[in-house]
Amino acid sequence: MSRQVLVVLGHPCSDSLCAGLATAYAEAARAAGAQVRVLRLGSLAFDPLLHAGYRQVQTLEPDLVAAQQDILWAQHLVWVYPIWWGAMPALLKGFIDRVFLPGFAFKYREGSSLWDKLLAGRTAELLVTMDSPPWYFRWVTRMPGHHQMKRAILEYSGIRPVRVHSFGPVRSASPTRIAQWLEKAGQLGSRQS
């Protein structure tokens with residue numbers, strides 16, 4: 001049975017480097033025999049604001065219902081997005097706020113500070129672009145965006161292991177360097193047979 005892979009493009013633009021990385025990964029995974037679905041957040045119709053927090057139910061738009069079904073279908077989730085101001089873009093954060101809800105991604109235990117991880121059994125990879133050098137993001141700013149996505153969101157929901165691949169600095173990257181990054185994304189995707 002082939003592996004079921006969901007590639008989530010968290011960059012709002014379909015012509016970005018992130019979009020290229022997502023495409024390279026998805027095409028290589030398909031070529032390796034995986035079943036692949038691609039979710040482009042910039043193409044979805046939804047309100048990214050969780051207006052009342054968890055105090056009241058906010059009806060999910062059809063695109064978000066379909067996204068939840070794709071997440072449940074997937075065995076491996078690939079998140080492709082840029083680091084903006086140390087973390088993910090607002091579009092991706094809004095998507096997570098709306099989709100990773102109690103009862104879907106996790107469930108609070110009554111009378112306990114512990115929770116059930118409802119998305120356990122899945123793995124993930126992060127393909128993350130940034131304008132700062134990855135060493136700077138790691139040692140100076142201490143990778144707040146990587147920790148947020150890996151630990152506070154995905155692992156909190158039971159998704160593990162989560163592997164992180166950083167691409168940067170994008171702003172000063174030569175065409176040769178960008179081609180190398182696209183090739184690396186393809187190599188990562190080709191491992192999903």
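The structure we're discussing is the one just above.
Residues numbered from 1 in each chain as written. Predicted model: local features only at pLDDT ≥ 70, side-chain atom pairs only at ≥ 80, totals over all residues. Heavy atoms only, no water.

Enquirer: What should I look at first to understand the nonpolar core in this one?
Expert: Note on soluble globular proteins: their nonpolar side chains tend to be buried together. Of all hydrophobic cores here, the largest spans 38 residues; its most connected members are W79, F95, F100, M149 and L154. Listing elements by their share of this core, those giving two or more residues are β1 (4–9), α2 (62–73), β3 (76–82), α3 (90–99), β6 (123–129) and α5 (144–155). Counting 22 residues, the second largest nonpolar core, distinct from the first, contains L9, A22, Y25 and L127. (Core = buried A, V, L, I, M, F, W, Y, C linked by side-chain atoms within 4.5 Å. Buried < 20%, exposed > 50% of the residue type's maximum accessible area, 1.4 Å probe, protein only. Helix = DSSP H or I, 4+ residues; strand = E, 2+ residues; numbered from the N terminus.)

Enquirer: Even after reading the chapter, I still don't get the pattern of salt bridges, so can you show me in this structure?
Expert: This structure, assessed with the given rule, holds 5 salt bridges. Here R37 ties to D70 by a salt bridge, and the two come within 2.7 Å at their closest N and O atoms. Taken together, the residues span a long stretch of sequence, with R37 in strand β2 (residues 35–40) and D70 in helix α2 at a distance of 33 residues. In this structure, the salt-bridge partner of R160 is E155, at a minimum N-O distance of 3.9 Å. Taking the relative accessible area as the measure of exposure, R160 reaches 48% and is therefore partly exposed. (Salt bridge = Lys/Arg side-chain N within 4 Å of Asp/Glu carboxyl O.)

Enquirer: What am I meant to see in the side chain of Q4 here?
Expert: Residue placement: Q4 occurs in strand β1. In this structure the side chain of Q4 is engaged in a polar contact, spanning 2.6 Å, whose partner is the backbone oxygen of W73. (Polar contact = N/O pair within 3.5 Å; in protein donor to acceptor, adjacent residues only side chain to side chain.)

Enquirer: When you look at the packing of aromatic side chains in this model, what are you seeing that I'm missing?
Expert: The description of two aromatic rings rests on the distance between their centres and on the angle between their planes. According to the stated counting rule, one finds 10 aromatic pairs in the structure shown. Ring plane angle 10° and centroid distance 4.3 Å describe the contact between W115 and Y156, whose orientation is recorded as stacked. Taken together, the residues span a long stretch of sequence, with W115 in strand β5 (residues 115–117) and Y156 in the loop between α5 and β7 (162–167) at a distance of 41 residues. You can call W115 partly exposed: its relative accessible area is 24%. Members of the aromatic cluster, each reached through a chain of ring pairs, are F46, W79, F95, F100 and F104. (Phe/Tyr/Trp six-rings, centres within 6.5 Å; stacked < 30°, edge-to-face > 60°.)

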